[in-house]
Amino acid sequence: MTETKKLIEPRTLKGFRDFLPDAMIPREILIDRVKSVYRSYGFVPIDTPVLEYLEILAGKGSDETDKQLYKFRDHGGRDVGLRFDLTVPFARFCAQHISELGTPFKRYHLAKVWRGENTQSGRYREFMQCDFDTIGTTSGVSDAETALVINDIMERIDLRSESTFTRFKIHLNSRRVLNGLLEKLGLSESTVPVLRALDKLSKAGRANVMREMEETAGATLGQASAVCDMASLAGLSNDEILQKLDAMLAGNELGESGVASLRDLVAALKSAGVPDDRYVLDVAIARGLDYYTGIVYETFLDDLPQLGSVASGGRYDNLAGLYTKLPLPGVGASLGLDRLFAGLEELGMIEKTSSSAKIFIPLFDAALINEYLKIASQLRKAGLGVEIYPEAKKLGVQLKYADKRGFTTAIIIGSSEFEKGMAQVKDLVTGEKRDVPLDQLKTILM
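Scoring rules and cut-offs
- Residues numbered from 1 in each chain as written.
- Predicted model: local features only at pLDDT ≥ 70, side-chain atom pairs only at ≥ 80, totals over all residues.
- Heavy atoms only, no water.
- Salt bridge = Lys/Arg side-chain N within 4 Å of Asp/Glu carboxyl O.
- Helix = DSSP H or I, 4+ residues; strand = E, 2+ residues; numbered from the N terminus.
- Buried < 20%, exposed > 50% of the residue type's maximum accessible area, 1.4 Å probe, protein only.
- Phe/Tyr/Trp six-rings, centres within 6.5 Å; stacked < 30°, edge-to-face > 60°.
- Patch = residues over 30% accessible without salt bridge, like charges linked within 9 Å, V, L, I, M, F, W, Y side chains within 5 Å.
- Areas by Shrake-Rupley, 256 points an atom, 1.4 Å probe, with all protein chains shown as cover.
- Lys, Arg positive; Asp, Glu negative; His and termini not counted.
- Charge placed at Lys NZ, Arg CZ, Asp CG, Glu CD.
- Contact = heavy atoms within 4.5 Å.
- Core = buried A, V, L, I, M, F, W, Y, C linked by side-chain atoms within 4.5 Å.
- Polar contact = N/O pair within 3.5 Å; in protein donor to acceptor, adjacent residues only side chain to side chain.

Colleague: Please set out the pattern of salt bridges residue by residue, giving values where relevant.
Modeller: With the rule as written, the count across this model stands at 20 salt bridges. Among the salt bridges present, the one from Arg27 reaches Asp338, with a minimum N-O distance of 3.0 Å. You can see Arg27 sitting in helix α1 (residues 21-40) and its partner Asp338 sitting in helix α13 (residues 337-346), a full 311 residues away along the chain. By relative accessible area, Arg27 is classed as buried at 6%. Assessed through its relative accessible area of 4%, Asp338 is described here as buried. For Arg315, the salt bridge is made with Asp317, and the minimal N-O distance between the two is 2.8 Å. The pair formed by Arg315 and Asp317 is uniform in burial state, with each residue classed as buried. Bridged by salt links that share partners, the residues Asp143, Arg176, Arg315 and Asp317 form one connected network.

As structure tokens, then:
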């Protein structure tokens, strides 16, 4: 008897996804918009390997990212890991190539990264980051540009139109402010566990965060309370928060420099015309990664604050120092594309379509295929996206296909229309029809 072949069940790993056309098309539209913003500020593209030597990645983020790191021994017996973000590989990249690149160097990098974390809404084990960074300068100009790029990207995320989106806020802080307070409180040796606990304030609550500071950082009740007092400054204007911070950090050089950098950043955003309601000083933001040293950024959708930050980053003046003795301070941020898309879908801000083209040509007569190809070619040369149905089926079947794929316009031409030199142009959204001379199709559809 012939043995029945057992079929392999088609399935994806937990935390990994397939993307169908109706998801990929809007993703690519947003990616193109993001790239155009990066380029408008002078950032240039780079790429780095998916795999790095393990020593490049391990210990560069946090204890949590080390636990989430995908790592193994390759066929050559080398310990390697999948990149967990794009910033650490960029620091290695700069240390290796900066002599030929020169400074300041501004790069963008859109690529997938991997973290073996628990999956939840908007969080996956394989996801894309859209990074941009400036390396080789400590100038506040670069800090301000980072916030401006985030603002410009967020303004363009509504994929239903080219209109400006405004329902978001960029939260700003400085690690120098936090580190200055810890220095003043005598907690400098416990900076990492204190900041990691503080990063959970919005979700875990004050009592739990204070308890974690006492348990992991050895903070006293008074010290933990003082940290939370400063982090809880909210409901005040940016100017009022700056005044409060001046008083809290008076006499501490590190903290005062952090407040000054925030004051300069706020002034820069005002000068650049960013509305006051687009950004807010948020002293609770610490950013969980250990390499941040200055300004930090997190961005939230007003209507989905529970989604978490969709664009975040900060200044990391010491990261490249792990790979080179050259001083290579940097600042940058990353758009969390997958989390952002989860939010946009929930808010109904993505138009579903399964076609890259907008114009559909049904095939009435296979004998006239070359005529259809000629018309489609002329329209494509004019910059229009056109798809011809490959088989001469009933018009209803072909238009049903067009509707399912999300085409907006159909050009209906039968043999009699060809003889008359005319075409019927149908709006597939409204159903409106009109007769158009074939030689005017390009002009009408542009």
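There's plenty left to go through after this.
Colleague: Give me the lowdown on the packing of aromatic side chains, citing residues and values where you can.
Modeller: On inspection of all chains with the given rule, the structure shows 14 aromatic pairs. Geometrically, the ring pair formed by Phe93 and Phe105 is stacked, given 6.5 Å between the ring centres and 25° between the ring planes. Placement of the pair is Phe93 in helix α4 (residues 87-101) and Phe105 in strand β5 (residues 105-114), with a sequence separation of 12 residues. Phe105 carries the same exposure label as Phe93, and that label is buried. Judged by centre distance (5.1 Å) and plane angle (75°), the rings of Tyr389 and Tyr401 are edge-to-face. Linking Tyr389 in the loop between β13 (386-388) and α15 (395-405) with Tyr401 in helix α15, this pair joins segments that are 12 residues apart in sequence. With a relative accessible area of 9%, Tyr389 lands in the buried category.

Colleague: Describe the environment of Gly321, with residues and values.
Modeller: Inspection of the secondary structure assignment puts Gly321 in the loop between β10 (311-315) and β11 (330-336). In this structure Gly321 comes out as partly exposed when scored by relative accessible area, which is 49%. As a C-alpha pair, Gly321 and Ala95 span 226 residues in sequence and 8.2 Å in three-dimensional space.

Colleague: Could you give an account of a negative patch on the surface, naming the residues involved and the relevant values?
Modeller: Residues Asp239, Glu240, Asp276 and Asp277 make up a contiguous surface patch of negative charge. Looking at the secondary structure, you find Glu240 in helix α11 (residues 238-248).

Colleague: So what's going on with α13? Which residues, and what values?
Modeller: In terms of residue burial, α13 counts as a mostly covered element, since 8 of its 10 residues are buried. Buried residues of α13: Leu337, Asp338, Arg339, Leu340, Phe341, Ala342, Gly343 and Leu344, and no others. On its buried face, α13 is in contact with α1, β6 (126-135), β9 (295-301) and β11. After α13 finishes, the residue Gly348 shows a positive phi value of roughly 70°.

Colleague: Describe the nonpolar core, with residues and values.
Modeller: Counting residues in hydrophobic clusters, the biggest one holds 77 residues, and the most contacted among them are Leu30, Tyr38, Ile157, Met213, Leu245 and Leu335. With 7 residues, helix α5 (residues 140-154) is the single largest residue contributor to this core. Excluding its chain neighbours within four sequence positions, the residues that come into contact with Leu30 are Arg156, Ile157, Leu159, Leu337, Leu340, Phe341 and Leu344. Formed by 21 residues, the second largest nonpolar core is a distinct cluster that contains Leu57, Phe93, Ile98 and Ile135.

Colleague: Tell me what's going on with the side chain of Lys106, and back it up with residues and numbers.
Modeller: Here Lys106 lies in strand β5. Taking relative accessible area as the criterion, Lys106 reaches 18% and is therefore assigned buried. Within the local environment of Lys106, its side chain forms a polar contact with the backbone oxygen of Tyr41, the two atoms lying 2.6 Å apart. Here the side chain of Lys106 touches Glu145 through a polar contact of 3.0 Å, side chain to side chain. With near-sequence residues (within four places) excluded, Lys106 lies in contact with Tyr41, Gly42, Phe43, Val44, Asp133, Thr134 and Glu145.

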